[in-house]
Amino acid sequence: MSKRIFLPSPVRWLLPVVLVLLFVAIVFWLPWQARQLESTERQEQLIADTLWVEQSIRFQLGRHEESLRSLASDIGAGRLAPGEVQQRMARMLKNGAELKSVLQLGPDGRVLAASEPAPVAPGTHIALSQSSLVAQERARRSHNPTYAEPEPGIAAGGAPGPLGVELYVPVYRGEAWQGSLVATFQLSSLLDEMVPWWFAQDNQISLLDRDDNVLARRTSAGPGHGVYTHKRALDLPGATITLMTDSVKAEPKLLPNLLVGSVVALSLALLWSLFALWGHISRRLAAEGELRQQMAFRTAMENSLVTGLRARDLEGRITYVNPAFCQMVGYSAEELVGRLPPMPYWAPDVMGEYQHRLASALAGSLTPEFETLFQRPDGTRIPVLVFEAPLVDKEGRHTGYMGSILDISDRKRMEELNRQHQEKLQASARLATMGEIASMLAHELNQPLAAISSYTTGALNVLARGGDAATLKPALEQAGAQAQRAGAIIRSVHEFVKNREMERQDVALQAMLDSIHALIEMQARQHQVSLQVELPAALPQVRADRMLIEQVLLNLTRNAIEAMADVAPLQRVLRIVAAHDAAAAQVVVQVVDHGHGIPQDVAERLFSPFFSTKAEGMGMGLNICRTAIEFHGGTLTHRANPQGGTIFTFTLPVAGGA
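Trainee: How do you make sense of helix H13 (residues 509-526) when you look at a structure like this?
Mentor: Helical periodicity: at 3.6 residues per turn, an α-helix aligns residues three or four positions apart in one direction. Over its 18 residues, H13 extends 25 Å from the first C-alpha to the last, a length consistent with the 26 Å expected when each residue adds 1.5 Å. Its maximal kink placed at Ile 516, H13 deviates by approximately 55°. Buried within H13 we find Leu 509, Met 512, Leu 513, Ile 516, Leu 519, Ile 520, Met 522, Gln 523 and Ala 524. At the C-terminal side of H13, Gln 528 shows a positive phi close to 55°.

Trainee: What exactly am I supposed to notice about the packing of H13 against helix H14 (residues 546-563) here?
Mentor: For the pair H13 and H14, the least separation of the axes is 10 Å and the interaxial angle reads 35°. Between H13 and H14 the crossing geometry is right-handed. Contacts between H13 and H14 involve Leu 509, Ala 511, Met 512, Leu 513, Ser 515, Ile 516, Leu 519, Ile 520, Gln 523 and Ala 524 on the former and, on the latter, Arg 546, Ile 549, Glu 550, Leu 553, Leu 554, Thr 557, Arg 558 and Ile 561.

Trainee: Just checking my understanding: could you explain empty space enclosed by the protein for this structure?
Mentor: A water-sized probe, rolled over the atoms, reveals where empty space remains. Within this structure, the stated rule accounts for two cavities of 30 Å³ or more. For the largest cavity, the calculated volume is near 150 Å³. Mapped onto the lining of the largest cavity, the elements with two or more residues apiece are strand S10 (308-313), helix H9 (351-362), strand S12 (369-375) and strand S13 (381-392). The leading source of residues in the lining of the largest cavity is H9, at four residues. Among the residues making up the lining of the largest cavity, the classes are represented as nine nonpolar, one polar and four charged.

Trainee: I keep staring at the environment of Ala 347 and nothing clicks. Help me out?
Mentor: Assignment of secondary structure puts Ala 347 in the loop between helix H8 (333-336) and H9. Setting aside residues up to four positions removed in sequence, Ala 347 forms contacts with Tyr 354, Leu 373, Gln 375 and Arg 381.

Trainee: Is there a simple way to explain the sheet that holds strand S19 (residues 586-592) in this structure?
Mentor: Note on sheets: strands pair through backbone hydrogen bonds, and any given pair is parallel or antiparallel. Taken in spatial order, the five strands make up an open sheet running S16-S18-S19-S21-S20, and their pairing is mixed. Looking at strand neighbours, the two that pair on one side only are strand S16 (530-534) and strand S20 (636-640), the edges of this open sheet. Here the average twist between neighbouring strands, direction ignored, is 15°. As paired strands, strand S18 (residues 573-581) and S19 are joined by seven bridges and run antiparallel to one another. Looking across to S19, one finds that Val 577 is bridged to Gln 590. H13 rests against S16, S18 and S19 of the sheet, and its axis sits at about 180° to S16. The strands touched by H14 are S18, S19, S20 and strand S21 (646-653); relative to S21, the strand with the most contacts, the crossing angle is about 175°.

Trainee: Looking at this structure, how should I read a nonpolar patch on the surface?
Mentor: A contiguous nonpolar surface patch, about 400 Å² in accessible area, is contributed by Trp 52, Trp 197 and Trp 198. Counting through the fold element by element, Trp 198 comes out in helix H5 (residues 197-202).

Trainee: Quick question: what am I supposed to make of the pattern of salt bridges here?
Mentor: Note that side chains of opposite charge can pair when their charged atoms are close. Within the structure shown, the criterion is met by 22 salt bridges. Between Arg 312 and Glu 388 there is a salt bridge; the shortest N-O distance is 2.7 Å. Taken as a pair, Arg 312 in strand S10 and Glu 388 in strand S13 lie far apart in primary sequence, 76 residues in all. Glu 315 is the partner of Arg 317 in a salt bridge, and the nearest nitrogen-oxygen pair spans 3.2 Å. Residues participating in the shared-partner salt-bridge network are Asp 74, Arg 79 and Arg 88.

Trainee: Explain the packing of aromatic side chains here, please?
Mentor: Each aromatic ring pair is specified by the distance between its two centres and by the angle formed by the two planes. Applying the stated criterion across every chain, the model contains seven aromatic pairs. Measuring from ring centre to ring centre gives 6.4 Å for Tyr 147 and Phe 185, while their planes differ by 40°; the resulting arrangement is tilted. Placement of the pair is Tyr 147 in strand S3 (residues 146-147) and Phe 185 in strand S5 (residues 176-186), with a sequence separation of 38 residues. Judged by its relative accessible area of 1%, Tyr 147 is buried. Here Phe 185 falls in the buried class, since its relative accessible area comes to 0%. Aromatic pair Phe 325 and Tyr 345: ring centres 5.4 Å apart, planes at 85°, arrangement edge-to-face.

About the cut-offs
- Residues numbered from 1 in each chain as written.
- Predicted model: local features only at pLDDT ≥ 70, side-chain atom pairs only at ≥ 80, totals over all residues.
- Heavy atoms only, no water.
- Helix = DSSP H or I, 4+ residues; strand = E, 2+ residues; numbered from the N terminus.
- Expected span 1.5 Å × (residues − 1).
- Bend = angle between axes of the 7 residues up to and from the residue.
- Buried < 20%, exposed > 50% of the residue type's maximum accessible area, 1.4 Å probe, protein only.
- Axes fitted to C-alpha atoms, helices over the stretch in contact; angles between N-to-C directions.
- Left-handed = near helix turned anticlockwise from the far one by under 90°.
- Contact = heavy atoms within 4.5 Å.
- 1 Å grid on protein atoms, 1.4 Å probe; cavity = no way out; pocket = protein on both sides within 12 Å on 5 of 7 lines; lining within 4 Å.
- Points joined across faces, edges and corners; volume = space filled by probe spheres on them.
- Nonpolar A, V, L, I, M, F, W, Y, C, P; charged D, E, K, R; others polar.
- Pairing = 2+ DSSP bridges.
- Patch = residues over 30% accessible without salt bridge, like charges linked within 9 Å, V, L, I, M, F, W, Y side chains within 5 Å.
- Areas by Shrake-Rupley, 256 points an atom, 1.4 Å probe, with all protein chains shown as cover.
- Salt bridge = Lys/Arg side-chain N within 4 Å of Asp/Glu carboxyl O.
- Phe/Tyr/Trp six-rings, centres within 6.5 Å; stacked < 30°, edge-to-face > 60°.

Everything listed here is a matter of geometry and, on its own, says nothing about what the molecule does.
See below:
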């Protein structure tokens, strides 16, 4: 039997008591804390609003200061007549209701100009108060606008009306003081204009002097309670005026049933939280179990892949590799994860390519698919095909790049074998072609050899009769020409059938036709076919393997000649036509015959390997032709000739545009 463990009696009672006391303390502490937070929030809001009102008032007064500075500058420079001065003053009064009057005082205190309606008439001498004299003298010495200290109970300028504050702006002509501009601002109007209604509804706003005497007050919502107050100096040069706000709100009060409501709410919340926590823990445990299963499945799947996987961050640092990638490059995951470029598996001779591609990826220009080389620690080089895509987290942020790497060594070997096989097929086709024209070649060589025999026999007869060298020269020259003709025929055949590596170069179509012209002409004469070559004089060169295109031309012309074997001799015309397609940067070549044409059932299989309509044919000629043209990036097609026969068309890229 299992033993049950009991806690000592004092401990069993102490724990619930502590929990209850803690709960009660929290119940009483929370309302008090909420009250404190609300009180602090109200005070902070009042401070922020007061600062905003102070900045608005200061900004408005600053606008007036700038206007008065400009007017004083124009007066001192003599650019304004007396009438224009009064017009400028009148415009200033329209900029704000708080500006009540503007006076221009001379050095002797006499009024030179005044805004309308003027508190005093021009020409009147004004007796300034002590604070006004101090402000005027300070403005004269500092060359800057200065405010006079407002005096309670005395209106600005000595005129009757609400309490205001005076601004003295000195007027200078050069370095000579010409008097001052005196602007009077009504403080009550300043509060009415600059304090928004929504702020005045909740606060009593006052302007105080340096002794905290009230200069002006706005009490739209009634007097404040003195609970939430704040003072902010207006920072006027020469005058000490403080903006004071007093909120009409009282301290927040606690509700009588707050404690009972809090207990009930907290109890229900506690029960709900326990059930919610239990459900959350159950769901979390289930999710963790599923996650472990998924991680195990993913790990097993990644370990079984033959495709290498590699993840990098935005700096190019490797963050993950799978076993297939490690086996591919010959380095362990511990040697690769966390490593920054250059990587140990980069081949030295393509290091520049790696660096350029990495810089492009980090700059946001990712190459989704490319081939490159990796090098193992033992120096073995493996060609690989890399697919890369951006890595995006659950918030949609780009965090790196994920690459899938395939070892394409076998594919490269198969491509090389296929290339060698194609070369052998092409060589076989050339040999087959030469087998077909062997009899024609013997006929063509028979004529120059017979001529050589005749010329040499004649020369021997001349020598036997004792002829001179001058008589022998024409016969020997003719024999040499016929020997060169036979050699040219043999060389063209040798160049055509010899095996060689494919090599693209810039070559003229006319030059390729000239190389095989003797072979084409030989076949054409045997079948009584007339050959017409139409090449524009300005035809550009093409980028091609010369021997491949010569083989294509020879195969197509041979097929065309044989297709016209059963038509009337006058209709046996073989045309080779070329044109320049500037829009596609291609040269278009057509081989046109007037033969029997191609039936529909034959046309469908015309380019299929080992398909031939000739009893002795291999069925590879047209298939090799199409492969050769597509190798150059062109196309080989055919269509019926409207005048009878067939037109074969192929395209080649223009030199310099490939």
